[in-house]
Amino acid sequence: MSNVIRRDPRAQWIARNRLHPLHQATVETEVRGPSGLIRKNPHAVGFIGPNGIKRIDRLAGNAAHTTVRRSTSQEAVEVQLPLHTVEQAEFYVAVVVDLVGGRLTSHDKDVLGQGHQLVNASAQNGAVVAVVFAGSDSDIKEQGFDLAGADRLMVITGKEYDGYSPENKIAILQSIDLAISPRHWLFPDSQAGGHELGIRLAARLAERAATGVWKVSADQISCRGGGDLTDISRPLTRILVLAEECADPVDEFRCEAKLMPLEQAPESISRIQDLGPVSVDPSQIALAEAEFILSAGNGIRNWDQFHAVATQLGATEGASRVAVDDGFMPRERQVGATGTWVSARVYVAVGISGAIQHLQGIGQCEKVIAINIDAGCDMVKRANLSVIGDSEEILQALSEKLNQQKVVDDVA
């Protein structure tokens, strides 16, 4: 029997296939050459990111450093960003956020980032003021105003500001304008209220608002026009209604988010009565517009149970390409690069392994929850929260929990 250590072709194949169940254990073992000497394993350098792409840590000198980097990439690591302070502000940039569901949207964060760009473009010392409307303090669930870029935080609460109440909100904004005279008013160009408040405030202040703004420079702006087919350039105005991705959100520092009280709230007479939201069948909502999606993949076996849970949750149904090709879901419910690109606030993937086309289609989703039996699949790596187990058992437990909660709500 020869003492020469020979190569294992199967082990080398597993090392090249990152989707193989034994891949991780294989690449982390010591590699020996034909002479028996331990050699550096090039396949162990780097780590798999949340989108399934391998990343390489250039600062890592050995496999031990790489292992530490890989573990920290999968766990939430709190990073303390430097604090940006504004002691005495010479001017203000007011940002009225939508705060959908009590939390800042990605659109809100883009507008706050644009506010800091306007402040940085000036030679004076300015501050970004985030104006928040809510029915009560408990309705505000956002805890990251400082990380989003709010130097000052002005919170306006009251039943008269809950729901659709543009007249009451405009009265407050007009009083803020008289109190601090913001150099610029920024609003998200959204259906959640930002667009309407922006043009209403411009009419109240007898100024001209710029809508669909996607690019802002020191003295000029670019707006979308002609059904988003042309760009319109015009001088920088005081009231800007900004499109999504108008600027990069703040991510290099944190702000004070110091509370800035409004001395006196004006009295206003509202001629609009909000009767509450109209119930809409989630199955009639287009995937591109849905905020809560329950999506099914090849791991679903009990489709009646899946449809029943989607109805209980009030979620819009989606599916992977495999489920659509097999005829379990219609083509308009396919999520992914070859189907519909979605931007839901919550996306629940049940039994979806996570092909690259599917991961591309959910790239704009804020929170992704994965339910899968395979703990090493790409969807689990992408997800913010993962539940590992049989999808049918998990959906059954979820359905029972929802039924219990419904009984408690009916009794209350």
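Residues numbered from 1 in each chain as written. Predicted model: local features only at pLDDT ≥ 70, side-chain atom pairs only at ≥ 80, totals over all residues. Heavy atoms only, no water.

Caption draft 1: The arrangement of the overall build of the chain in detail. Helix and strand content of the chain: twelve helices and 20 strands. Looking at the chain as a whole, 42% of its 412 residues qualify as buried. Considering only residue pairs separated by 6 or more positions, the chain has 59% of its internal contacts joining residues 24 or more positions apart. For the chain, the computed accessible surface area is about 23,700 Å², with 51% contributed by carbon and sulfur atoms. (Helix = DSSP H or I, 4+ residues; strand = E, 2+ residues; numbered from the N terminus. Buried < 20%, exposed > 50% of the residue type's maximum accessible area, 1.4 Å probe, protein only. Contact = heavy atoms within 4.5 Å. Areas by Shrake-Rupley, 256 points an atom, 1.4 Å probe, with all protein chains shown as cover.)

Caption draft 2: A look at the layout of surface pockets. Approximately 1,800 Å³ is the volume found for the largest pocket. Lining the largest pocket are 43 residues, with Asp98, Val100, Gln191, Ala192 and Glu291 sitting closest to its centre. For the lining of the largest pocket, the elements supplying multiple residues, two or more each, are α4 (106-120), β7 (126-134), α6 (166-180) and α7 (194-204). Class assignment of the residues belonging to the lining of the largest pocket gives a composition of 15 nonpolar, 14 polar and 14 charged. (1 Å grid on protein atoms, 1.4 Å probe; cavity = no way out; pocket = protein on both sides within 12 Å on 5 of 7 lines; lining within 4 Å. Points joined across faces, edges and corners; volume = space filled by probe spheres on them. Nonpolar A, V, L, I, M, F, W, Y, C, P; charged D, E, K, R; others polar.)

Caption draft 3: Structural detail: the packing of α6 against α7. Running from amino to carboxyl end, α6 crosses α7 at an angle of 55 degrees, the nearest separation of the two axes being 10 Å. The orientation of α6 relative to α7 falls into the category oblique. When the axes of α6 and α7 are compared, the crossing they make is right-handed. Where α6 approaches α7, its residues Pro166, Glu167, Lys169, Ile170, Leu173 and Gln174 are matched on the opposing element by Glu196, Leu197, Arg200, Leu201 and Arg204. A class-by-class count of the residues in the contact of α6 with α7 yields five nonpolar, one polar and five charged. (Axes fitted to C-alpha atoms, helices over the stretch in contact; angles between N-to-C directions. Parallel < 35°, antiparallel > 145°, perpendicular 65-115°, else oblique. Left-handed = near helix turned anticlockwise from the far one by under 90°.)

Caption draft 4: Local environment of unusual backbone geometry. Its identity is not glycine, yet Leu99 carries a phi of approximately 50 degrees, on the positive side. Of note, Leu99 is situated in the loop between β6 (91-96) and α4. Unusually for a residue other than glycine, Ala206 sits at a positive phi of about 60 degrees. Looking at the element boundaries, Ala206 is found in the loop between α7 and β10 (210-216).

Caption draft 5: Region of interest: the sheet that holds strand β15 (residues 258-259). An order of β12-β11-β10-β13-β9-β6-β7-β8-β15 is seen for the nine strands of this open sheet, with the pairing classed as mixed. Looking at strand neighbours, the two that pair on one side only are β12 (230-235) and β15, the edges of this open sheet. Taken together, the two bridges between β10 and strand β13 (residues 239-242) define a ladder with parallel strand orientation. Within the sheet, the bridge partner assigned to Val213 lies in β13 and is Leu242. Taken strand by strand, α4 contacts β6, β7, β9 (184-188), β10 and β13, and its axis lies near 160 degrees from that of β9. (Pairing = 2+ DSSP bridges.)

Caption draft 6: How the structure looks around the pairing of β6. For β6, a buried count of six out of six residues is recorded, marking the element as mostly surrounded by other parts of the structure. Neither face of β6 is exposed, since Phe91, Val93 and Val95 on one face and Tyr92, Ala94 and Val96 on the opposite face are all buried. With α4 bridging β6 and its parallel neighbour β7, the resulting β-α-β unit is right-handed. In this sheet, β9 lies alongside β6 in parallel orientation, the contact comprising three bridges. Its bridge partner being in β9, Ala94 is matched across the sheet by Trp185. (Right-handed = clockwise from strand over helix to strand, strands pointing away.)

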